[in-house]
Amino acid sequence: SAVISQKPSRDICQRGTSLTIQCQVDSQVTMMFWYRQQPGQSLTLIATANQGSEATYESGFVIDKFPISRPNLTFSTLTVSNMSPEDSSIYLCSVEEQGVQETQYFGPGTRLLVL
Amino acid sequence: SQQGEEDPQALSIQEGENATMNCSYKTSINNLQWYRQNSGRGLVHLILIRSNEREKHSGRLRVTLDTSKKSSSLLITASRAADTASYFCATAPMNRDDKIIFGKGTRLHILP
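None of these values were measured; they are calculated from a predicted model.

Quick notes on the overall build of chain A
Here is step 1: A count of helices and strands for chain A gives 0 helices and 11 strands.
Here is step 2: Secondary structure elements of chain A occur, N-terminal to C-terminal, as β-β-β-β-β-β-β-β-β-β-β.
Here is step 3: For chain A, whose C-alpha radius of gyration is 13 Å, the value lies close to the compact-globule estimate of 13 Å for 115 residues.
Here is step 4: Taking the principal axes of its C-alpha atoms as reference, chain A extends roughly 40 × 25 × 20 Å.
Here is step 5: Every one of the 115 residues in chain A was classed for burial, and the buried ones make up 50%.
Here is step 6: For chain A, the proportion of contacts with a sequence separation of at least 24, taken over those separated by at least 6, is 53%.
Here is step 7: Element-wise, carbon and sulfur atoms account for 49% of the exposed surface of chain A, whose accessible area totals about 5300 Å².
Here is step 8: If you average the places of the 7 positive and of the 10 negative side-chain charges in chain A, the two averages end up 11 Å apart.

What follows is the structure, given as C-alpha cells:
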C-alpha cells in the first residue's frame, strides 16, 4: 500500500494569508485527492488532482480559493488562499492505488487553525 | 444524497465487549468501505465489501452488507483500548465516474 506524507502537520495562520500543503507519495499513482474535515465532521472532497492538467473541483470549491498543483505522479500541493477562521480544518490528501472507487490511502493530515 | 449515515453517532463500551456500528445509504452502490481515524489523523482503510458480497471478515472485524436494506454493519469483537477511534463508512456510487462518499462517522470509546 502507498505511504503518504504531508507537510506541514499543523499550522496556525493569520486571516488573509495563504498556506500551501504538500503531499508526497512513495509510488506513482494516477488518482490523488484533497479532502477537508471540519472539526467533528466527516470528510468533504475538495478536488481531484490530475497530473498534467487542471484539478477537478467539487461543488462549492473553486480554484481561486484552493489552487492545486500536480507536477508529477508522486506529488501534489493544495494552497488555502486568503484564509478566514472558517478554513480551520484538517486537510487530508489521499490516493487510489488499485483502481477507481477502490481503497484510498490517506496522509496523516494537516491541522490548520486560522486566527 | 448518496452519503452514508452511521449509527450510533457515539458509542462507549467496556474493553473486551463487542462493538457494532451501522451504516445506511440511499442509492445503489458498487462497494462499501469502512475506515478508522484516530484523533483527527489520517484515515486507515479497514475493509471493502462489494455489492455482491454479504459478509466479510478481517481479524476481529466482521462486516455485513444488506443491499436490499441499503445498510452495512461493522462488528469489532473483543474490543481493546486501541480501538478507540472514529469509524467511517464510505460508499462507492454505481456511476464509476463518481467519487466515494464518506459518512458522518461513529465515535467509539473503549473504557478500561
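Remarks on the overall build of chain B
Here is step 1: Scanning chain B from terminus to terminus reveals 0 helices and 11 strands.
Here is step 2: Written out in order from the N terminus, the α and β elements of chain B read β-β-β-β-β-β-β-β-β-β-β.
Here is step 3: For chain B, whose C-alpha radius of gyration is 13 Å, the value lies close to the compact-globule estimate of 13 Å for 112 residues.
Here is step 4: Structurally, chain B occupies a C-alpha span of about 45 × 25 × 20 Å along its principal axes.
Here is step 5: Residue burial in chain B is summarised as follows: out of 112 residues, 45% are buried.
Here is step 6: Pairs at least 24 residues apart make up 56% of the contacts formed inside chain B by residues separated by at least 6 positions.
Here is step 7: Accessible area of chain B: about 5400 Å², with a carbon and sulfur share of 45%.
Here is step 8: Of the charged side chains in chain B, 15 are positive and 11 negative; the average position of the first set lies 3 Å away from that of the second.

Some words on the sheet that holds strand 1 (residues 5-7) of chain B
Residues and elements named next belong to chain B.
Here is step 1: Taken in spatial order, the 5 strands line up as 1-3-8-7-6 in an open sheet, and their pairing is antiparallel. Of all the strands in the sheet, the pair left with one neighbour each is strand 1 and strand 6 (55-58). Here the strands of the sheet are splayed against their neighbours by 15° on average, with no regard to which way each runs.
Here is step 2: Where strand 3 (residues 19-24) and strand 8 (residues 71-76) come together, 6 bridges link them in antiparallel fashion. By the bridge assignment, Met-21 is partnered in strand 8 with Leu-74.

A short note on a nonpolar patch on the surface
Here is step 1: A contiguous nonpolar patch, built from Ile-12, Leu-113 and Leu-115 of chain A and spanning about 280 Å² of accessible area, is present on the exposed surface.
Here is step 2: With respect to the secondary-structure elements, Leu-113 of chain A resides in strand 11 (residues 110-114).

Some words on unusual backbone geometry
Here is step 1: Of note, the bond from Lys-7 of chain A into Pro-8 of chain A is cis; its omega dihedral lies within 30 degrees of zero at -10°.
Here is step 2: Omega for the bond connecting Asp-7 of chain B with Pro-8 of chain B falls within 30 degrees of zero, at 0°, which places this linkage in the cis form.
Here is step 3: Mapped onto the fold, Pro-8 of chain B is located in the loop between strand 1 and strand 2 (10-14).
Here is step 4: With a phi close to 45°, Asn-82 of chain A is a non-glycine residue in the positive phi region.
Here is step 5: Of note, Asn-82 of chain A is situated in the loop between strand 8 (75-80) and strand 9 (89-96).
Here is step 6: Phi is positive for Lys-70 of chain B, close to 55°, though the residue is something other than glycine.
Here is step 7: Structurally, the position occupied by Lys-70 of chain B is in the loop between strand 7 (61-66) and strand 8.

Here's the deal with the pattern of salt bridges
Oppositely charged side chains can form a pair if their charged atoms are brought close together.
Residue and element names in this part refer to chain B.
Here is step 1: Per the stated rule, a full pass over the model turns up 6 salt bridges over all chains.
Here is step 2: Residue Lys-104 pairs with Glu-5 through a salt bridge whose shortest N-O separation is 3.8 Å. Highlighted residues: Lys-104 in the loop between strand 10 (101-102) and strand 11 (106-111) and Glu-5 in strand 1, separated in sequence by 99 residues.
Here is step 3: In this structure, Lys-56 and Glu-53 form a salt bridge, with 3.9 Å as the shortest nitrogen-oxygen distance.
Here is step 4: Looking at Glu-53, the relative accessible area reads 25%, which means it is partly exposed.

Reading the values: rules and limits
Residues numbered from 1 in each chain as written. Chains lettered and ligands numbered in written order. Predicted model: local features only at pLDDT ≥ 70, side-chain atom pairs only at ≥ 80, totals over all residues. Heavy atoms only, no water. Helix = DSSP H or I, 4+ residues; strand = E, 2+ residues; numbered from the N terminus. Rg over C-alpha atoms; globule rule 2.2 N^0.38 Å. Buried < 20%, exposed > 50% of the residue type's maximum accessible area, 1.4 Å probe, protein only. Contact = heavy atoms within 4.5 Å. Areas by Shrake-Rupley, 256 points an atom, 1.4 Å probe, with all protein chains shown as cover. Lys, Arg positive; Asp, Glu negative; His and termini not counted. Charge placed at Lys NZ, Arg CZ, Asp CG, Glu CD. Pairing = 2+ DSSP bridges. Axes fitted to C-alpha atoms, helices over the stretch in contact; angles between N-to-C directions. Patch = residues over 30% accessible without salt bridge, like charges linked within 9 Å, V, L, I, M, F, W, Y side chains within 5 Å. Salt bridge = Lys/Arg side-chain N within 4 Å of Asp/Glu carboxyl O.

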